[in-house]
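Listed here are the chains, written in short residue letters.
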Amino acid sequence: MRKDLVEITTICPDVENSQFVVQSNCPETIPEILKSQSVAANGNSTSYQQCSLPRIKILGTGGTIASKAVDSSQTADYHVDLTIQDLLDAIPDISKVCDIEYEQLCNVDSKDIDQDILYKIYKGISESLQTFDGIVITHGTDTLSETAFFIESTVDAGDVPIVFVGSMRPSTSISADGPMNLYQAICIASNPKSRGRSVLVSLNDQISSGYYITKTNANSLDSFNVRQGYLGNFVNNEIHYYYPPVKPQGCHKFKLRIIGDTFKLPEVCILYAHQAFPPSIVNLVADKYDGIVLATMGAGSLPEEVNRTCLKLNLPIVYSKRSMDGMVPIANVRKNGSNGHNVIASGYLSPEKSRILLQLCLAGNYSMEEVKHVFTGVYGG
Ligand SMILES: NC(=O)C[C@H](N)C(=O)O
């Protein structure tokens, strides 16, 4: 698993009592690697000495974690002003945990992450997978779940942990949360127990799946919520995972086809439904977009006239939901005997994740049946 472990002895008859030689500044997790390798060797042949720390790549993109306000009591009205190097300077102890290389991909609030930046993040991660033991991406929390979902859907990480991290307070704030969140993200990426868990998110002492996470609180430190449950947490900066490594159920992987360096996804917009939602709004955007996602009321509810309008259109329309919990079942979309040639149920996916999934399906020239299969078969729609 690790390239930087060097075999030093060949006799280890008693795994439980065997001694491992570890550098004094090694992360506490290293003995776990050594132990598991010895167990794999059936307790009778191998022990290892660590000769270097895990290699971690940090990709900086901006967000509140890289922001400054005018004074320390301010937790709003701040701007992105710090580089990834500044952020790392605030956590000098991290040099005891791993060897770091870093790259500034951009420095923006996450509301400004567009397709070009998304592609830079995809490329930065893909190019680092072969060389590093873990990857950390600093990112604004507002759209972090979208980037994490996109990366989970397009990157085959193998066992390498890809950890997204942000903060809710700017760096200048009293009790800024960024340095600790970043420190923990790097510990997650460096820890062998994180291998095989795909895309993770580090925030407020919690470790979550990047695939399932949703930002549910616009202001508090405990901003992310995962109905599927957290994967683990930190106590005294030790990682405690609740489950063995696992990847999200049925996640559909897309292979991005990039021509030259141009990366262009089809355009999909989201419309938020409400009482008296007019069909005219659907017609208005239908000409300008390749697909539409509707944040419906309840579990797929829209005024009947809007349903009829959608069925007349010749573009894919995903019925998602305004509610954070629950799902849109296919039965609520293909109603009254209609075969719903172009309408798709989002299942459990939020509107913003449905949008990305539909973009990826359309970019791959999936047929309507294939698009439905991705949503229906995999996500329970
Ligand atoms: N807490 C944050 O990071 C919010 C910020 N507006 C962003 O998404 O970049």
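Overview of the structure. (Residues numbered from 1 in each chain as written. Predicted model: local features only at pLDDT ≥ 70, side-chain atom pairs only at ≥ 80, totals over all residues. Heavy atoms only, no water.)

**Observations concerning the site of the ligand**
Inference 1: Taken together, the residues surrounding the ligand are Gly-63, Thr-64, Asp-109, Ser-110, Gly-140, Thr-141, Asp-142, Ser-167 and Met-168.
Inference 2: Measuring from an oxygen atom of the ligand, one finds a side-chain N or O atom of Thr-64 at 2.9 Å.
Inference 3: Ser-167 has a polar backbone atom sitting 2.8 Å from a nitrogen atom of the ligand.
Inference 4: Burial of the ligand by the protein amounts to 93% of the accessible area it has alone, namely 270 Å².
Inference 5: Among the residues making up the shell around the ligand, the classes are represented as one nonpolar, six polar and two charged. (Near = heavy atom within 4 Å. Polar contact = N/O pair within 3.5 Å; in protein donor to acceptor, adjacent residues only side chain to side chain. Areas by Shrake-Rupley, 256 points an atom, 1.4 Å probe, with all protein chains shown as cover. Nonpolar A, V, L, I, M, F, W, Y, C, P; charged D, E, K, R; others polar.)

**Some words on the packing of helix H3 (residues 115-128) against helix H4 (residues 144-154)**
Inference 1: Taken N-terminus to C-terminus, the directions of H3 and H4 make an angle of 50°; their axes are 11 Å apart at the nearest point. For the element pair H3 / H4, the angle class is oblique. The hand of the H3/H4 crossing is right-handed. Along the contact surface, H3 presents Leu-118, Ile-121, Tyr-122 and Ile-125, while H4 presents Thr-147, Phe-150, Ile-151 and Thr-154.
Inference 2: Its residues assigned to classes, the contact of H3 with H4 comprises six nonpolar, two polar and no charged. (Axes fitted to C-alpha atoms, helices over the stretch in contact; angles between N-to-C directions. Helix = DSSP H or I, 4+ residues; strand = E, 2+ residues; numbered from the N terminus. Parallel < 35°, antiparallel > 145°, perpendicular 65-115°, else oblique. Left-handed = near helix turned anticlockwise from the far one by under 90°. Contact = heavy atoms within 4.5 Å.)

**Let's talk about helix H6 (residues 279-286)**
Inference 1: When H6 is considered as a whole, its buried residues turn out to be Pro-279, Val-282, Val-285 and Ala-286. For H6, the buried positions fall inside an angular range of 135° around the axis, keeping them on one side.
Inference 2: Considering only its buried residues, H6 is in contact with strand S15 (268-272), strand S16 (291-296) and helix H7 (304-312). (Buried < 20%, exposed > 50% of the residue type's maximum accessible area, 1.4 Å probe, protein only. Arc of directions from axis to C-beta.)

**A few points about H4**
One turn of the α-helix equals 3.6 residues, which is why residues spaced by three or four share an orientation.
Inference 1: Most of H4 is tucked away: ten of the eleven residues are buried.
Inference 2: Leu-144, Ser-145, Thr-147, Ala-148, Phe-149, Phe-150, Ile-151, Glu-152, Ser-153 and Thr-154 are the residues of H4 that are buried.
Inference 3: Considering only its buried residues, H4 is in contact with H3, strand S8 (162-165), strand S9 (199-203), strand S12 (224-225) and helix H8 (351-363).

Geometric values such as these leave the question of function open.
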